[in-house]
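Tertiary structure, described
These are the residues of each chain, in order.
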Amino acid sequence: LTSSAATVWMGVPGDEDLDETKWTDVNRENVPPYQKGKTLGEKAAWDFAKNNEEIQLTSILPQLVFGPGIGDHLDATSMKMFNMIAKKEMPVAPKMKAGLVDVRDVAKMHIAALENDESVGRRFIVCSQPYWFKEIGQKFIDLGYNGPTFEPPNFLIKLLSNVDKTLKNILPVLGLDFRFDLEPSKKILGYKPIPIDKTISDQGEYLRSLE
């Protein structure tokens with residue numbers, strides 16, 4: 001099952017050490033629809049597998065997926081996010097973190113799970129350790145793109161959230177310096193990620209090929 005690291009992201013408020021045993025609390029205030037939907041969807045899959053013992057389930061949990069596509073996928077969420085950063089359509093970098101992963105690595109981890117019975121019944125976080133958004137913006141700049149690096153103070157984002165309701169979605173993780181436990185993915189699935197700089201560069205070339 002392709003799930004998301006969003007399913008472990010918003011559990012206990014302030015929890016900075018995130019692993020596959022943890023779940024986003026869908027009853028928390030301001031949990032965004034995406035996180036809530038992914039969490040409820042994955043839990044439903046586990047419940048279904050529990051009630052149907054012949055099903056052997058493994059879930060893969062990427063976070064922000066970048067990398068080249070196959071065919072025309074300009075409308076994909078990850079492509080839109082890439083362009084938002086590369087063209088600085090996102091003018092500022094809120095003080096929040098996200099783990100990045102190459103789409104090719106996500107595919108490899110699905111294959112690795114299918115080929116390794118030790119993966120059955122487990123969840124695997126598949127992405128880098130999280131970067132601050134200003135660090136992501138700087139990576140884009142270093143590779144010749146534009147990118148947001150100004151990190152507004154948290155109080156300003158909280159104040160603006162009273163006007164821009166979409167900002168309320170990030171309030172639970174604003175300033176949260178969290179880390180993912182990636183050891184299960186590395187030890188069981190052999191996760192050796194493609195360098196993020198190559199991921200960004202290859203995605204840029206893919207997008208240019210569609211112009």
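See the structure printed just above.
Summarised in this report is the structure supplied together with it. (Residues numbered from 1 in each chain as written. Predicted model: local features only at pLDDT ≥ 70, side-chain atom pairs only at ≥ 80, totals over all residues. Heavy atoms only, no water.)

**What about the pattern of salt bridges?**
Taken as a whole and judged by the stated rule, the model has 10 salt bridges. With its nearest N and O atoms 3.8 Å apart, the salt bridge here joins K95 to E151. Of the two residues, K95 is situated in the loop between α2 (77-86) and β4 (97-98) and E151 in the loop between α4 (133-142) and α5 (154-160); the sequence distance between them amounts to 56 residues. The exposure class assigned to K95 is partly exposed, which follows from its relative accessible area of 26%. Under the relative-accessibility criterion, E151 is labelled partly exposed at 21%. The closest approach of N and O atoms between D202 and K198, which form a salt bridge, is 3.0 Å. One end of the pair is D202 and the other is K198, both in helix α7 (residues 196-209) and 4 residues apart, which spans about a single turn. (Salt bridge = Lys/Arg side-chain N within 4 Å of Asp/Glu carboxyl O. Helix = DSSP H or I, 4+ residues; strand = E, 2+ residues; numbered from the N terminus. Buried < 20%, exposed > 50% of the residue type's maximum accessible area, 1.4 Å probe, protein only.)

**Side note on a negative patch on the surface**
A surface patch of like charges, here negative, comprises E16, D17, D181 and E183. Relative to the assigned elements, E16 resides in the segment before β1 (17-18). With relative accessibility at 36%, the residue E16 sits in the partly exposed group. (Patch = residues over 30% accessible without salt bridge, like charges linked within 9 Å, V, L, I, M, F, W, Y side chains within 5 Å. Areas by Shrake-Rupley, 256 points an atom, 1.4 Å probe, with all protein chains shown as cover. Lys, Arg positive; Asp, Glu negative; His and termini not counted. Charge placed at Lys NZ, Arg CZ, Asp CG, Glu CD.)

**Quick word on the environment of V8**
Take V8: it is sitting in the segment before β1. For the pair V8 and K158, spaced 150 residues apart in sequence, the C-alpha separation works out to 23 Å.

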